[in-house]
Amino acid sequence: VFPSRGRGGVVLELARKVSRWIFYIMPFLMGTLRLWLLAIGCFFWIASVCGIDDSTKGVVPEDSTSRDLTANSTAVVPTEEEIAAALKAFLQLPREELTWKTWDFSTDGELEIDMQEAELPVPFMGGSVKTRVFGELPGMILRVKPGGTMKFTLKNKLGPGTGKSTCGGPSGSYESPNMTCQSNTTNIHMHGLHASPSGHEDNVFATVAPGESRAYAIHIPEFHMGGTHFYHPHVHHSTAVQAGGGAHGMLIVDDPVGSLPKVIEDMPEIPLMMTLIQPILLMRMEQFGLSSDGSEMASQKMWVNSLYPDWRWGNMPIWLALNEPIWFTVNGQYRPLVSIEEGKWYRLRIAKASIDWHTRVFEESNDCEFQLLAKDGIYLHEAVRPIHTIHLASGARADVAVRCSIPESATETPHLSKLLWSSYEQRVKKLTYLNNKTGELLSFSITPRPTEEHDEALEVFSVRRPCYLADLRNAPAEDLELNRHTIDMVTNITNDEPYPVWPWLTGTMEMYIDDILRIWGHHTPEPVFTVPVGELMQINISGLHNHNFHGHVNPFQIQSMDAEDPWYQVGDWQDTMYPFIADKFVMRQNIDYYTGRAVIHCHLLAHEDNGMMAYYNITGEQDARYPAKEKLDPTCYEGAYPVDEESTTTETRTSTLTEFEASPIEHEDGYEYDAAELRVSRNGFLLSLSWSTMALINSAKPFAV
């Protein structure tokens, strides 16, 4: 097939090289020539599918109270200038101090969690979007101690609605109407917990229909590591519209007393539950859940109680359809204030909820120092790790120590330092970020403190680990021979080039597991493989440029990857992974203690609902442990944390920025990546980081709050 195989091989290889170069120069063509003919064709295609009519923008009807509001010809819709003015006014509103609510199962007892309808304010339209929440947006922070039990009743107070009770039609197509249903049937998943996936515990196969309730009793093992986690609904075909719409919250397993250095243990905690609001995508999925072909979408109302009460999906301006407004809330608040003291360390517990989108969080003015403690609720083997940028996929968590200073140039007290977010919808190889948008997340309000009272720099430390999180990098090879698997997450069946230019238009949501195509359709499939409890497992996974991998029950440790990455490093533990640069990983898991069905899927929630999900069976006797723990870490513990023994190892060195974090890195493909600024350059040219939503028309004004 290649040049050594004759003339045909030469032609094929030439064709492959030409196709690659076409792919590489596509961003330049998009940015300079704009592909007008393709853009015009795309416009008419979208208009025909969605019923969009841009001809009515700004038209005022003679009598808006007596006419048919579904008619597009006379609808009053906001102009781009009106939305910009409303947004500017919103950004000038007084800020509120960050607040949060907590339920501690060790002191507050049993809990009732209500799944109910709510209206989410649209900050720049004077109205709101209907969505679903666990009581409020976000749900309360849940806290539990190792060895404790989370007892609660989930009550589904959603009405039966008019949505489809079952899905039908072909499986696997992205954002297909036949893959969204059961929008008001719910359950709850404790994302990140090492807990049982069966019975009335963290069982995502159990569902709660409208008007029904279900009692949960989730036992936290006494050896569970303390960390930051996340809870949300997990019903197949409706996860995106529920969890991505606001039904989620933060979950914290408390650190055992004495398990951390005192400076870490004593840090004041600031929980940040980040929620990415994607109203247009939510409305589209809501409509898909109502009809089999989405045909009634044109009549769907845009916002509740809007300044434009007759604004329907069918008369949405094309510029807005291709530039979806998105914004973040933190603990349900827009751009809140976080009051801190100068020179003092604080622990940020961060969790991010969204339907999709990769997000970076960074400080605007470099007034603050960030040190990474843990990712996905698991401490680094060597903490702390200095960082400039916090990378967050949907469902990811990060524990970060922050210490801020007031610059000499500051003129006001307290001094404000903004924390910004930047999100992109999808990566195309290592070149371009589709629909990149940026906004303000929150502001630190820093009050001065005498220099002599400032906290000292943090020293690197290592915690004593439970045995299910013992380092697997030196695991005996013979203990991995029987449980080796491959996962290839793809967006099309032909995977010779796994990064098609338009996967979101033409692709299907699939996983090849051990070279067998797997799509979770409308019925629960068979398990993809089995693995005995108490053994180790190794997975070679690829396709993570365009997909966010998440596994239930047991976290995984990175053993190797195909490129250096600013966020993921060999030895790190994760349960959710959407890399910035790397694409292929080798990961290992300790299949510890629990038996049952362990789900694996893409945590871009629309991908999951559309079939990119599977599960494997953990067999054997529950409570079994890996027998050769001394080969991994002779200091690890299997029961409760040993409080009377040495808990941490602290090195007498100060954490400093690594060379990779501080300077650009050039990779094999000749491209240079700057972790702090998301610059992607070649031969001195700066590639555009802001494509339109459809990647067919350049985005002139990325719209974000």
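Refer to the structure printed above.
Owing to the predicted nature of the structure, the values given are computational and were not obtained by experimental measurement.

Enquirer: For the state of the cysteines, give the residues involved together with the corresponding values.
Expert: For the structure shown, the criterion picks out two disulfides. What pairs with Cys368 in a disulfide is Cys404, and their sulfur atoms sit 2.0 Å apart. Since a negative S-S torsion denotes a left-handed disulfide, the Cys368-Cys404 link at about 105° is right-handed. Here Cys404 lies in strand S19 (residues 397–404) and Cys368 lies in strand S15 (residues 368–375), a separation of 36 residues in the sequence. Across the pair, Cys404 and Cys368 agree in class, each one buried. Note that Cys467 is cross-linked by a disulfide to Cys636, the S-S spacing being 2.1 Å. Across the disulfide from Cys467 to Cys636, rotation about the S-S bond amounts to roughly 85°, and the bridge is consequently right-handed.

Enquirer: So, the side chain of His189: which residues are in play, and what are the values?
Expert: Mapped onto the fold, His189 is located in strand S6 (residues 189–191). By relative accessible area, which is 1% here, His189 ends up buried. At a separation of 3.0 Å, a polar atom in the side chain of His189 contacts the side chain of Asp202. Among the polar contacts listed, one links the side chain of His189 to the side chain of His552, at a separation of 3.4 Å. Apart from the residues lying within four places of it in its own chain, the contact partners of His189 are Asp202, Val204, Phe230, Tyr231, His232, His234, His550 and His552.

Enquirer: Could you give me a rundown of the sheet that holds strand S8 (residues 227–232), with the residues and numbers involved?
Expert: With mixed pairing, five strands are arranged side by side in an open sheet as S1-S4-S9-S8-S6. The open sheet terminates on both sides in strands that have one partner only, identified here as strand S1 (102–104) and S6. Strand-to-strand twist in this sheet, taken as the mean axis angle between neighbours without regard to direction, amounts to 25°. Both S6 and S8 contribute to a ladder of three bridges, which runs antiparallel. Bridge assignment links His191 to a residue of S8, and that residue is Phe230.

Enquirer: Now, about the pattern of salt bridges: what can you tell me, with residues and values included?
Expert: One pass over the structure, following the stated rule, counts 27 salt bridges. Arg335 serves as the salt-bridge partner of Glu440, at 3.5 Å between the closest nitrogen and oxygen. Note that Glu440 is positioned in strand S23 (residues 437–447) and Arg335 in the loop between strand S11 (327–330) and strand S12 (337–341), a separation of 105 residues in sequence. Classification of Arg335 as buried rests on a relative accessible area of 7%. Linking Arg397 and Asp376 is a salt bridge whose minimum nitrogen-to-oxygen distance equals 3.5 Å. One end of the pair, Arg397, is in strand S19; the other, Asp376, is in the loop between S15 and strand S16 (378–379), with 21 residues separating them in the sequence.

Analysis parameters
Residues numbered from 1 in each chain as written. Predicted model: local features only at pLDDT ≥ 70, side-chain atom pairs only at ≥ 80, totals over all residues. Heavy atoms only, no water. Disulfide = S-S within 2.5 Å. Helix = DSSP H or I, 4+ residues; strand = E, 2+ residues; numbered from the N terminus. Buried < 20%, exposed > 50% of the residue type's maximum accessible area, 1.4 Å probe, protein only. Polar contact = N/O pair within 3.5 Å; in protein donor to acceptor, adjacent residues only side chain to side chain. Contact = heavy atoms within 4.5 Å. Pairing = 2+ DSSP bridges. Axes fitted to C-alpha atoms, helices over the stretch in contact; angles between N-to-C directions. Salt bridge = Lys/Arg side-chain N within 4 Å of Asp/Glu carboxyl O.

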